[in-house]
Amino acid sequence: MVRVVAASLLIGLSCPARADGETATRHALWRDCLARTFRIQAALTAPDLAADAAFQACRAPEDAYLAALTSSPLLDPDDIAHARPLLAGRIRAWLIGRPG
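As a starting point, this report considers the structure included with it.

Rules behind the numbers
Residues numbered from 1 in each chain as written. Predicted model: local features only at pLDDT ≥ 70, side-chain atom pairs only at ≥ 80, totals over all residues. Heavy atoms only, no water. Phe/Tyr/Trp six-rings, centres within 6.5 Å; stacked < 30°, edge-to-face > 60°. Helix = DSSP H or I, 4+ residues; strand = E, 2+ residues; numbered from the N terminus. Lys NZ or Arg CZ within 6 Å of the ring centre and 35° of its normal. Axes fitted to C-alpha atoms, helices over the stretch in contact; angles between N-to-C directions. Parallel < 35°, antiparallel > 145°, perpendicular 65-115°, else oblique. Left-handed = near helix turned anticlockwise from the far one by under 90°. Contact = heavy atoms within 4.5 Å. Nonpolar A, V, L, I, M, F, W, Y, C, P; charged D, E, K, R; others polar.

**With respect to the packing of aromatic side chains**
For any pair of aromatic rings, the description consists of the separation of the ring centres together with the inter-plane angle of the planes. A full pass over the atoms with the stated rule returns 2 aromatic pairs. The interplanar angle of 20° and the centroid separation of 5.7 Å between the aromatic rings of Trp-30 and Tyr-65 together place this pair among those described as stacked. Of this pair, Trp-30 sits in helix 2 (residues 21–42) while Tyr-65 sits in helix 4 (residues 59–69), and the two are 35 residues apart along the sequence. In this structure an aromatic cluster arises from ring pairing among Trp-30, Phe-55 and Tyr-65. Lying over the aromatic face of Trp-94, Arg-31 brings its terminal NZ or CZ to 3.9 Å of the ring centre.

Set out below in structure tokens:
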């Protein structure tokens, strides 16, 4: 139950309007990297492959964002590790669902 609450909290923190400071900046940098890379790759290949390429290319900004989240007293590294796939799924859906 605690993991579910923590995962929900992490997903909530992933929204730029709800985050602040370094976490919001890191989130924006990650999303910008993903959007830019996805746009380039989507012109060359299928959306799923473009999303995979974007996640691979933007691993460093993702890691920086998740590291910023660990500074929260409400989350520990295990919470973030459990929520990472949920966050990736949400961002992946955002990438693929964006208008060209």
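**Looking at the packing of helix 2 against helix 5 (residues 77–97)**
Packing of helix 2 against helix 5 brings their axes to within 10 Å, and their N-to-C directions diverge by 45°. Classified by the angle between their axes, helix 2 and helix 5 sit oblique to one another. Considering only the axes of helix 2 and helix 5, their crossing is right-handed. Here helix 2 contributes His-27, Trp-30, Arg-31, Leu-34, Ala-35 and Phe-38 to the contact with helix 5, which in turn contributes Leu-87, Ile-91, Trp-94, Leu-95 and Ile-96. Its residues placed into classes, the contact of helix 2 with helix 5 shows 9 nonpolar, 1 polar and 1 charged.

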